[in-house]
Protein chains: 4
Amino acid sequence: MRAMQTARIGIFGGSGYAGTELTRLLLGHPGAQVAFVASERKVGQSVARELGLPTSTTGLMFVGFEAARAMACDVVMLATPAEASLQLAPECLARGTRVVDLSGAFRLSDAASFRKHYQLDSPSTELQSQAVYGLPELSRERIAGARLVANPGCYPTAAILGLAPLLRAGLIDPSTIIVDAASGVTGAGRKASEEYSLAELTGDFKAYKVLRHQHTPEIAQALENAGGRAPRVTFTPHLLPVPRGILCTSYARLMQPLASADVAACLARAYAGEPFIDLAEHPDRVGLRQVVGTNQCQLAAASDPESGQVVVVSAIDNLVKGAAGQALQNLNLMLGWPETTGLTTLRRFTP
Amino acid sequence: MRAMQTARIGIFGGSGYAGTELTRLLLGHPGAQVAFVASERKVGQSVARELGLPTSTTGLMFVGFEAARAMACDVVMLATPAEASLQLAPECLARGTRVVDLSGAFRLSDAASFRKHYQLDSPSTELQSQAVYGLPELSRERIAGARLVANPGCYPTAAILGLAPLLRAGLIDPSTIIVDAASGVTGAGRKASEEYSLAELTGDFKAYKVLRHQHTPEIAQALENAGGRAPRVTFTPHLLPVPRGILCTSYARLMQPLASADVAACLARAYAGEPFIDLAEHPDRVGLRQVVGTNQCQLAAASDPESGQVVVVSAIDNLVKGAAGQALQNLNLMLGWPETTGLTTLRRFTP
Amino acid sequence: MRAMQTARIGIFGGSGYAGTELTRLLLGHPGAQVAFVASERKVGQSVARELGLPTSTTGLMFVGFEAARAMACDVVMLATPAEASLQLAPECLARGTRVVDLSGAFRLSDAASFRKHYQLDSPSTELQSQAVYGLPELSRERIAGARLVANPGCYPTAAILGLAPLLRAGLIDPSTIIVDAASGVTGAGRKASEEYSLAELTGDFKAYKVLRHQHTPEIAQALENAGGRAPRVTFTPHLLPVPRGILCTSYARLMQPLASADVAACLARAYAGEPFIDLAEHPDRVGLRQVVGTNQCQLAAASDPESGQVVVVSAIDNLVKGAAGQALQNLNLMLGWPETTGLTTLRRFTP
Amino acid sequence: MRAMQTARIGIFGGSGYAGTELTRLLLGHPGAQVAFVASERKVGQSVARELGLPTSTTGLMFVGFEAARAMACDVVMLATPAEASLQLAPECLARGTRVVDLSGAFRLSDAASFRKHYQLDSPSTELQSQAVYGLPELSRERIAGARLVANPGCYPTAAILGLAPLLRAGLIDPSTIIVDAASGVTGAGRKASEEYSLAELTGDFKAYKVLRHQHTPEIAQALENAGGRAPRVTFTPHLLPVPRGILCTSYARLMQPLASADVAACLARAYAGEPFIDLAEHPDRVGLRQVVGTNQCQLAAASDPESGQVVVVSAIDNLVKGAAGQALQNLNLMLGWPETTGLTTLRRFTP
């Protein structure tokens, strides 16, 4: 085996949930040299220790954002809030450093929609035009050449992978899309909070941000890009009392009566050869346990020709395919590394 | 306080989850005299011990079904599988004993639909015509006079309470109804199974019986009775890794643009004075923790006038309002007892 | 039934876990009139809403500590940190108000030990001499006449109830006592914290404060008072990934070989007629699920005559018998109410 | 890197929890060629599918025990009940195949003790004398040359690794040992059972097999072999409501007053250079989350010079270091492969 060409990778926001997952993945990647891991909260502390790894794994210490800004690298990964990404990305790009941003800062092309959902000034038109939405299964080529990749949100990843092939093939009515999804609590990020304590959440289940979640326009935009027509998307996220995983149950009206096998065939054609898509035999077979700890998206569809309704169930690990794993998949594409590098030794969580 | 008139109540199927919950509730009810608790699996064992209660609570021992059949009582509660209820109910009625059946045996008025979903011979037309669907908030008067009450399914209870007032008021299009729900594992009943072990279910979440759950026609039938037009219902149940509780997120298209406040007002009018309905300010406020251990149904709705979509979130304890508690509510109505008797001292589960 | 004489009860610290549990219990108590519920964090908010109860239950609003100090009542319950109790208790006593303190402020009679474990100035000798350690099963009479009751810690309650009868009967060697216990996370109190988040604690189990927990001298002192000789106690608490409950596995060397039945007989004699002690047939039968949600302490012992070791397993709900329930039991004794008033309708948590 | 010499490995009992974990590990091992995976329950089914792996991982199908017996291989791994291992091991050895047995069949050298705890006829004296107790940190050399390795039990692994160095160094009194441990539910094996259902176990915690668990003599025997004197061991296992992991809190009396640092130094000397031992700074730092999913044993000790008591807390993943991982570690030693092969890419479970 010929040695892989290496690249220097910097990480901002390395102590949140997505950031630690990303750091762990990059430390195990044969081509990535981790140039720095920046975290304001952890400056001077051992990265290995924070990750729960033997200290022999890496001698890296967390650095502050200021120090990190001065360090050279080939690609910077931003596991930061949108507000920080809006500042850091242009700086890095100006110095010729390519960027993968895990926040929502560069995902929405409509500036008004961005301002409404993020309560932040939208990025410049120039930056916006540079940003490539990083869902490899839909736009692998554009990602490879991108200077700025907007890594998709966790819910959008699961929802779009389930619905885009059906929309693109014209099988479903874009005005009838409902996405009902549930996520483990790491989706809310890492923070001190009574609300997310084990004592408060054990045994609970509830919806949140009903009819006003910022991932709604992101799903709609990606589906429009995939299918050519602006869809109407109703999206309801729920909070599961588990650490990780997203299960997405999506509904749409069929354009004409189709059996489950026909819908499954459409998905099979769209995803032939995709290394991170697992097509299940039936929606009942899709579950968090099959995907947590991996970069896979497992999915399946069923239809009721009588009522004309189709149901697609898709599952991902919100921190892997929904964040850090997909970011690494994008990095692999950008640097010409095999797309699955560093993403295949993840182990299943059974039991 | 005048002493409540008492009645003798017999319970078949007293060792399953709904049956133990029902037995516990009846033992604490000031009017109910528990005549017998029948369970083939537990014959001769202490009922108190099975319920985890001090043995001073009751000296009752489980009896077999044969022995129980010979015992006189005023009302029999059947916490048995549909197959057993189909046999027991006519026997009891023939002897003049009124019946509350917690199974699905007498819920569906369409015989073909029953045979398809239960793989059992449908009950006689005479029995069918006697059976009253026991959702007190929708048909309190008919229940009071019923000889045979078909206690609603757990998912239907949550779904129907959320949607019926909107349908009845003509606010939503009955052809666009989607019910996406999740239940704790006691919904699957009490049984030895690898599938429901803690080792297999921890951290998991998945859909099941997609597009073929037997509660789908039950929901549709009750909504048709409430709203006058046959609705088209798509229903997807999911399995939560928690013991108890159902959260139901229901979707429909509005007949005309309405603000959330208008939808909420419709629910408020429908449920004014209802002791077991808690209207929350917003769907984000509804959750399992507010209802588990109680007979309450908590619910709220929000609408998006732009997209014309309404979302209703409703929550119940699947073993209380979704089974044993509602059965007792029905019993109270049948015997002229105050409807909330024995159902108000249940405590909230916090934390 | 003759009406129970009522008394006005004030609660300080009503928004923590013990405080909300206590408030809930007092609101359901036929003799208690809740004069005020004080919480600095929740001033002006609805008490019913905080407890997850229908607002019809009580119109009380949380008041601040200053306002509460001016309100008259017969007994004040302090669900406050030791630091606050040290200030509030003398004030209340000076005004002739009796006090039940749920903190550790008045439990230790040794001032040096108190200062070491609580890092606070010890209370005055006079206060100290007034305080009665409120474990009703061991000192019912003294509690009835007390002006200041030091409500026991959660771990000590479970440990002492298991070991005191064996020590008092001279069956075990006081120099060989080991208490290994595990508690649900509400034992740590209610607070915003990353450490107690569901994401961090799910699937975890660990010891904490090894060889330095402040409940160690409390257990030793109560056992000395019960048995007459100063014991040597090693105590290790562990954190369980569940909301509620303490299981305590205690070890001691037998003074002479004894069969399990002999040890069980000693416990049975000690606790004959005790309403809140459930003796199980064997330590394997004791578990959190039997006690969570109740004021019971379930316990059982087994011995190995060959090795001369005895093992006692005891279980309580840390927020009920380990805090609020026991405080109410003490209040009942102080006010001459039947000891079980307001504590018997708690329901078991099954499943 | 020179290619590793390969060996053919057969697995009996490949569908239980230890067996699936072992199969997964062997499929990722660069030197192991999996000759067969035998499971009576799963004959003809896909091994990859059972493990939740992409079917491209391996085309192996489960075979029956009869078929497996006829297949040649270099080493057979028995993840079978003791009863089956007692039959299979001598057969394999007779054909010249080396054996690693994960059951308790060959762990106890005292025949009477074996019969008492396993209710089975003890193996022949010849087999018994061949069997090497496979705890690599204590007897690496003997394992390398063994024909039959008795892979240690899960609780004994955690307990012995914590206590053996202290006994061997003469720091603790062997007559005072208490082992208090808690395990996730996979420790009970894979089976259909109401007792281990999520509905029954959620929120529970309890001791089991108090004073009669079969791992007690195993711990005592290994400690005697390590320390030279027969210890007196009291062992109490508890059931945690989590899938995986064992935490062991062990107690002993010091032979003479020692500070925590002295005890820690003893452990550090004993385990210098050990790849699978993680010494933590303090017992409070040891927890399941640090070890679940890895082959590590994390441990730390603290002592109270005043009371003369030492506390050792040790944690492992019961299915990895407590079963399949340790079996692979033993296999590596037997075949001259680097001891950590196939065991280092396991990932931590955070969060």
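In short, a report on the structure. (Residues numbered from 1 in each chain as written. Chains lettered and ligands numbered in written order. Predicted model: local features only at pLDDT ≥ 70, side-chain atom pairs only at ≥ 80, totals over all residues. Heavy atoms only, no water.)

**Some remarks on the overall build of chain A**
Helix and strand counts for chain A come out as 13 helices and 13 strands. Taking 2.2 N^0.38 as the reference for a compact globule, 351 residues should give roughly 20 Å; the C-alpha atoms of chain A span a radius of gyration of 20 Å, in line with that estimate. Taken over the C-alpha atoms alone, chain A extends approximately 60 × 50 × 45 Å along its principal axes. Burial analysis of chain A (351 residues in total) assigns 66% to the buried set. Summarising the internal contacts of chain A: among those between residues at least 6 apart in sequence, 70% fall at separations of at least 24. Side-chain charges of chain A comprise 31 positive and 30 negative groups, with the mean position of each set lying 4 Å from the other. (Helix = DSSP H or I, 4+ residues; strand = E, 2+ residues; numbered from the N terminus. Rg over C-alpha atoms; globule rule 2.2 N^0.38 Å. Buried < 20%, exposed > 50% of the residue type's maximum accessible area, 1.4 Å probe, protein only. Contact = heavy atoms within 4.5 Å. Lys, Arg positive; Asp, Glu negative; His and termini not counted. Charge placed at Lys NZ, Arg CZ, Asp CG, Glu CD.)

**A short note on the interface of chain B and chain A**
Taken together, the contact pairs 47 residues of chain B with 47 residues of chain A. When chain B packs against chain A, the two sides together hide about 3,600 Å² of surface, and 57% of this comes from carbon and sulfur. Counting across the chain B and chain A interface gives two salt bridges. Arg212 of chain A serves as the salt-bridge partner of Asp284 of chain B, at 2.6 Å between the closest nitrogen and oxygen. Applying the counting criterion to the chain B and chain A interface returns 28 residue pairs in polar contact (both at pLDDT 80 or more). Counting residues per element, the ones that place at least two in the side of chain B that touches chain A are strand S7 (177–183), helix H9 (198–201), strand S8 (206–207), strand S9 (233–239), strand S10 (246–253), helix H12 (288–291), strand S12 (297–304) and strand S13 (309–316) of chain B. For the side of chain B that touches chain A, the per-class residue count stands at 23 nonpolar, 13 polar and eleven charged. (Buried area = accessible area lost by both parts, 1.4 Å probe. Salt bridge = Lys/Arg side-chain N within 4 Å of Asp/Glu carboxyl O. Polar contact = N/O pair within 3.5 Å; in protein donor to acceptor, adjacent residues only side chain to side chain. Nonpolar A, V, L, I, M, F, W, Y, C, P; charged D, E, K, R; others polar.)

**Description of the packing of aromatic side chains**
As enumerated under the stated definition, the model contains 18 aromatic pairs over all chains in all. Considering the side-chain rings of Phe114 of chain A and Tyr118 of chain A, the 4.9 Å spacing of their centres and the 15 degrees angle between planes classify their relative orientation as stacked. Of this pair, Phe114 of chain A and Tyr118 of chain A both sit in helix H5 (residues 111–118), four residues apart, which is roughly one turn of the helix. With respect to class, Phe114 of chain A is no different from Tyr118 of chain A; both count as buried. For the ring pair Phe205 of chain C and Phe205 of chain D, a centre distance of 5.9 Å and an interplane angle of 45 degrees mean the geometry is tilted. You can see Phe205 of chain C sitting in the loop between helix H9 (198–201) and strand S8 (206–207) and its partner Phe205 of chain D sitting in the loop between helix H9 (198–201) and strand S8 (206–207), one on each of two chains. Relative accessible area serves as the criterion here: at 3%, Phe205 of chain D is assigned to the buried category. (Phe/Tyr/Trp six-rings, centres within 6.5 Å; stacked < 30°, edge-to-face > 60°.)

**Here we look at the relation of the copies chain C and chain D**
Screw-axis analysis of chain C against chain D gives a translation of 0.0 Å along the axis, an RMSD of 0.0 Å, and a rotation angle of 180 degrees. This pairing of chains is accounted for by a two-fold axis. Every residue of chain C has its C-alpha some distance from the rotation axis, and the shortest such distance is that of Asp180 of chain C, at 3.6 Å. Interface residue correspondence from chain C to chain D reaches 100%, placing this contact among same-surface, isologous pairings. (Least-squares fit on C-alpha atoms with pLDDT ≥ 70 in both.)

**Some words on the relation of the copies chain B and chain A**
When chain B is brought onto chain A, the operation consists of a screw motion whose angular component is 180 degrees and whose axial shift is 0.0 Å, with 0.0 Å RMSD remaining. Interface overlap between copies: 100% of the residues of chain B at the interface are likewise at the interface in chain A, consistent with a symmetric, same-surface contact.

**Some thoughts on the side chain of Arg98 of chain C**
Residues and elements named next belong to chain C. Tracing the backbone through its elements, the reader meets Arg98 in strand S4 (residues 98–101). Buried within the structure, Arg98 lacks any salt-bridge partner; Asp74 is the closest side chain of opposite charge, at an N-O distance of 8.7 Å. A polar atom in the side chain of Arg98 sits 3.0 Å from the backbone oxygen of Met334. Ignoring sequence-local partners within four residues, the contact set of Arg98 consists of Asp74, Val75, Val76, Ala144, Gly145, Ala146, Arg147, Met334 and Leu335.

**Quick look at unusual backbone geometry**
Residue Gln119 of chain A is not a glycine yet carries a positive backbone phi of 50 degrees. A relative accessible area of 64% places Gln119 of chain A in the exposed class.

**Re the pairing of S10 of chain B**
Residues and elements named next belong to chain B. In terms of residue burial, S10 counts as a mostly covered element, since seven of its eight residues are buried. Pairing geometry for S7 and S10, over six bridges, is antiparallel. If you follow Asp180 over to S10, its bridge partner there is Thr249. Across eight bridges, the pairing between S10 and S13 is antiparallel. Across the sheet, the residue bridging to Leu247 is Ala315, located in S13. (Pairing = 2+ DSSP bridges.)

**Here we look at the environment of Leu102 of chain B**
Residues and elements named next belong to chain B. Mapping Leu102 onto the fold places it in the loop between strand S4 (98–101) and helix H5 (111–118). Placed 21 residues apart in sequence, Leu102 and Pro81 show a C-alpha to C-alpha distance of 8.4 Å. Every residue in contact with Leu102, bar those within four places of it in the chain, is listed here: Ala18, Leu22, Leu78, Ala79, Arg107, Asn151, Ala323, Ala324 and Ala327.

**Observations regarding the sheet that holds strand S2 (residues 32–38) of chain D**
All names here are of chain D. Pairing is parallel across the open sheet formed by six strands, whose spatial order is S2-S1-S3-S4-S6-S5. Since the sheet does not close on itself, it has two edges, and those belong to S2 and strand S5 (131–133), each with one partner. Across the sheet, the mean angle separating the axes of adjacent strands is 20 degrees when strand polarity is ignored. In the sheet, strand S4 (residues 98–101) pairs with strand S6 (residues 148–150) via three bridges, with the strands oriented parallel. Across the sheet, residue Val99 finds its bridge partner in S6, namely Leu148. The strands that helix H7 (residues 136–144) touches are S4, S5 and S6; relative to S5, the one it contacts most, it runs at about 155 degrees. (Axes fitted to C-alpha atoms, helices over the stretch in contact; angles between N-to-C directions.)

Nothing here speaks to function; it is all geometry.
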